[in-house]
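# Geometric and topological summary
Take a look at the letters that make up each chain.
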Amino acid sequence: MRRALALCLLVLLTVSAGCTSLFGPGEVSDDQLNENATYDDVWQQDAQVYIDVRSNDYRAVYDLGENRTTLQVFGRNAFGLERPLDISGLRYRFDNGTVVSTDQHANFTVDQGREQLRITVPEANGTLAFTAPKSGKSFGVPAFIEGVSYEAALPPKTDVAVPLLSSVDPSPTRTTDEDGRIHIYWDSVSRDVSVRYYLDRDLLIFGALAGILTVAGIAGALYYLRQIRELERRREDVALDVNREE
């Protein structure tokens, strides 16, 4: 009973402390939102949503279209529940090319709820960009805008060509190699995008390991085959000895 009460107390303390690993981050500070960031190389892309995946984070760029002035963004915790996305370097680009941060425009605001961040931009027909963390060789992006094209550019020297080492969900429309980076395209996305990729050197390690296991398997099979034949030969010798005595 005491253990159960202690466990409940621990859970309550964890929730009240805003544990980032399970229940999401705390309030996003103005310093974090206005953190120095540049998106000059990714503002204009063919896809309406562009995800530039890097080693420890990714940059997301959303073409908001003509009628959208807000965007609800969120991540998912360890239980798959929505939580406010831990974003930084938030920027808005006007149609004329002017880029502002939240401290530079009064109508560019962020309101954090229990499960989502509500981002309000100065006007429609612009582009929104932010940076979000990721861990390991995978990332997931909820479909904040559905029914539009998505593109994800993986880090250099990575790939998703071998299904055993990678996964892409939903299935992409196409995958191309552009300037040493794998680009994954979806013509229309209506659910969460999830990608697990591998490093090129992982494929070499996997190939070497598979080769070693194959050689070991063949050697083991030959050894046991030799043992079986030796036993058969001994059985035949014993049978001959019995016949001679008779």
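Residues numbered from 1 in each chain as written. Predicted model: local features only at pLDDT ≥ 70, side-chain atom pairs only at ≥ 80, totals over all residues. Heavy atoms only, no water.

### Focus: the packing of aromatic side chains
- Inspection of the entire model under this criterion finds seven aromatic pairs.
- When the centroid spacing of 5.0 Å and the interplanar angle of 85 degrees are considered together, the rings of Tyr92 and Phe94 count as edge-to-face. With respect to burial, Tyr92 and Phe94 carry one shared label: buried.
- Cation over ring: Arg174 sits above Tyr185, and NZ or CZ is 4.1 Å from the ring centre. (Phe/Tyr/Trp six-rings, centres within 6.5 Å; stacked < 30°, edge-to-face > 60°. Buried < 20%, exposed > 50% of the residue type's maximum accessible area, 1.4 Å probe, protein only. Lys NZ or Arg CZ within 6 Å of the ring centre and 35° of its normal.)

### Focus on the nonpolar core
- Formed by 42 residues in total, the largest nonpolar core has its most connected members in Ile51, Tyr62, Phe130, Phe139, Tyr150, Leu154 and Val195.
- If you tally residues by element for this core, the top one is strand β15 (residues 181-189), at four residues.
- Apart from residues lying up to four places away in sequence, Leu154 is in contact with Val53, Phe139, Asp159, Val160, Arg181, Ile182, Ile184, Val195 and Tyr197.
- Core analysis: the next-biggest nonpolar cluster, separate from the first, contains seven residues, Tyr39, Tyr50, Ala129 and Ala153 among them. (Core = buried A, V, L, I, M, F, W, Y, C linked by side-chain atoms within 4.5 Å. Helix = DSSP H or I, 4+ residues; strand = E, 2+ residues; numbered from the N terminus. Contact = heavy atoms within 4.5 Å.)

### Quick notes on unusual backbone geometry
- Between Asp169 and Pro170 the backbone carries a cis peptide bond, its omega angle lying at 0 degrees.
- Its place among the elements puts Pro170 in the loop between β13 (167-169) and β14 (174-178).
- A positive phi is found at Asn125, a non-glycine position, where the angle reads about 65 degrees.
- Its place among the elements puts Asn125 in the loop between β8 (117-120) and β9 (127-133).
- Non-glycine residue Lys157 carries a positive phi angle of around 60 degrees.
- Along the chain, Lys157 turns up in the loop between β11 (148-153) and β12 (158-159).
- Residue classification places Lys157 among the exposed positions, given a relative accessible area of 63%.

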